[in-house]
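# Structural overview for review
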Amino acid sequence: MVTHVPSEGHGDERGTLLAFVEAQRGAVRRSLAGLTEKQAASRPLVSELSLSGLLKHVAEGELNWLRMAQRRPNDKERNAETWSDGFRLVGDETVPRMLEFWDRVAAETEAFILDDVGDMSDTFPLPPAPWFPEDGQCSMRWLLLHLVEETGRHAGHADILREALDGRTALDLVAEEAGYAGRS
C-alpha cells in the first residue's frame with residue numbers, strides 16, 4: 001500500500017488525484033493489519049469509533065459519492081434509522097469482506113473517472129444537507145479532492161485508534177509492511 005505519491009508517473013490530473021485517494025485508502029487499510037475481528041471492532045477510546053466501523057464508513061462513503069456523481073441510486077445509502085450501522089459491522093460482515101467491498105468500490109471509482117468522465121469540470125448536484133449550499137453542485141475534480149480529504153481525515157482517526165489498541169503507530173505499520181523490523 002503506497003504511502004508516498006511521487007510527483008511524476010501518474011500521467012495527468014486524474015491519475016494524480018486517484019493516486020492520492022489510493023494513498024489515503026492504504027492508510028486506513030494498513031491500520032487493520034494483523035488485528036482480529038474483535039480487536040478491529042473494539043472501541044479503545046471514549047469515542048464510539050472502531051477500526052472496522054471506520055473501514056465500513058469510508059467504503060460506504062466512497063460508494064455514496066460515486067453514486068451521486070454517476071447519478072445512480074445507492075443500495076447502501078443510510079438514513080436516520082440505519083446511520084449507526086454505517087459505523088459498525090453487522091450480520092455476516094467481516095473486515096476481509098469489507099476490504100473486498102471497498103476494493104470493488106475503488107475499482108469502480110477509478111473506472112468511472114478514467115473511462116466515463118468527459119471533463120473533470122463536469123458537475124453533479126450535491127444532496128440537500130445543512131452543510132451544503134442549496135442547489136449546490138460539485139465537479140468531478142472536487143469529488144476526488146473530497147475523497148482525499150475525507151479518507152485522510154478518517155485515516156488519522158484510524159492511526160489514533162490503532163495506537164490506542166496495541167501501541168503500534170502508522171510508521172510502525174508502514175515499516176512492518178515494507179519488511180523492516182522497526183521504524184525507519
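Now for a look at the structure at hand.

The rules behind these values
Residues numbered from 1 in each chain as written. Predicted model: local features only at pLDDT ≥ 70, side-chain atom pairs only at ≥ 80, totals over all residues. Heavy atoms only, no water. Helix = DSSP H or I, 4+ residues; strand = E, 2+ residues; numbered from the N terminus. Buried < 20%, exposed > 50% of the residue type's maximum accessible area, 1.4 Å probe, protein only. Contact = heavy atoms within 4.5 Å. Areas by Shrake-Rupley, 256 points an atom, 1.4 Å probe, with all protein chains shown as cover. Lys, Arg positive; Asp, Glu negative; His and termini not counted. Charge placed at Lys NZ, Arg CZ, Asp CG, Glu CD. Expected span 1.5 Å × (residues − 1). Polar contact = N/O pair within 3.5 Å; in protein donor to acceptor, adjacent residues only side chain to side chain. Salt bridge = Lys/Arg side-chain N within 4 Å of Asp/Glu carboxyl O. Phe/Tyr/Trp six-rings, centres within 6.5 Å; stacked < 30°, edge-to-face > 60°. Lys NZ or Arg CZ within 6 Å of the ring centre and 35° of its normal. Core = buried A, V, L, I, M, F, W, Y, C linked by side-chain atoms within 4.5 Å.

### Comments concerning the overall build of the chain
Of regular secondary structure, the chain possesses six helices and two strands. Counting helices and strands in the order they occur from the N terminus, the chain gives α-α-α-α-β-β-α-α. A principal-axis box enclosing the C-alpha atoms of the chain has dimensions of 45 × 45 × 25 Å. Across the 184 residues that make up the chain, the buried fraction comes to 39%. Excluding contacts between residues fewer than 6 apart, the proportion of contacts in the chain whose partners are at least 24 apart in sequence is 67%. Working note: accessible area of the chain is about 10200 Å², and carbon and sulfur atoms make up 53% of it. Each charge class in the chain can be summarised by its mean position, and for the 20 positive and 32 negative side chains these summaries are 4 Å apart.

### A word on helix H1 (residues 13-31)
An ideal rise of 1.5 Å per residue puts 27 Å on 19 residues; H1 measures up with 28 Å between its terminal C-alpha atoms. With 14 of its 19 residues buried, H1 lies for the most part within the structure. Among the residues of H1, the N-terminal cap falls to Asp12, whose side-chain oxygen and the backbone nitrogen of Arg14 are separated by 3.2 Å.

### Considering the pattern of salt bridges
Across all of its chains, the model carries 18 salt bridges by this definition. One salt bridge in this structure joins Arg29 and Glu22, with 2.8 Å as the shortest N-O distance. The exposure class of Glu22 is partly exposed, given its relative accessible area of 27%. Of the charged contacts, one joins Arg72 and Glu108 as a salt bridge, the two residues approaching to 3.3 Å between their closest N and O atoms. A residue pair is termed long-range when its members are at least 10 positions apart, and Arg72 in the loop between helix H3 (51-70) and helix H4 (95-116) and Glu108 in helix H4 qualify at 36 residues.

### Some thoughts on the packing of aromatic side chains
How two aromatic rings sit relative to each other is given by the distance of their centres and the angle of their planes. In total, this model carries five aromatic pairs according to the counting rule given. With 5.9 Å between their ring centres and 85° between their planes, Trp65 and Phe132 make a pair best called edge-to-face. Highlighted residues: Trp65 in helix H3 and Phe132 in the loop between strand E1 (123-125) and strand E2 (137-139), separated in sequence by 67 residues. For the pair Trp65 and Phe132, a shared accessibility class is recorded, and that class is buried. Taking the centre distance of 6.4 Å and the plane angle of 65° together, the rings of Trp131 and Phe132 count as edge-to-face. According to the relative accessible area criterion, Trp131 is exposed, its value standing at 66%. The lysine or arginine in question, Arg29, covers the ring of Trp102, its NZ or CZ lying 4.9 Å from the ring centre. A cation sits over an aromatic face here: Lys76 above Phe101, 5.3 Å from the ring centre.

### Some points on the nonpolar core
With 20 residues, the main nonpolar core has Trp65, Ile113, Phe124, Met140, Leu143 and Leu144 as its most contacted residues. Top element by residues in this core is helix H5 (residues 140-166). It accounts for five residues. If near-sequence neighbours (up to four positions away) are discounted, Trp65 is found in contact with Phe124, Leu126, Phe132, Cys138, Trp142, Leu143, His146 and Leu147. Judged by nonpolar contacts, the second largest core, of 19 residues, contains Ala27, Leu54, Val95 and Phe101.

### Let's talk about unusual backbone geometry
Although it is not a glycine, Arg71 adopts a positive phi angle of roughly 60°. With respect to the helices and strands, Arg71 occurs in the loop between H3 and H4. Look at Arg71 and you get exposed, because its relative accessible area is 56%. Even without a glycine there, the phi angle at Asp135 is positive, about 60°. Along the chain, Asp135 falls in the loop between E1 and E2.

### Topic: the environment of Glu60
Checked against the element boundaries, Glu60 lands in helix H3. For the pair formed by Glu60 and Gly86, sequence separation is 26 residues and the distance between their alpha carbons is 7.4 Å. Here Glu60 is in contact with Lys76, Arg78, Gly86 and Phe101, once residues within four sequence places are set aside.

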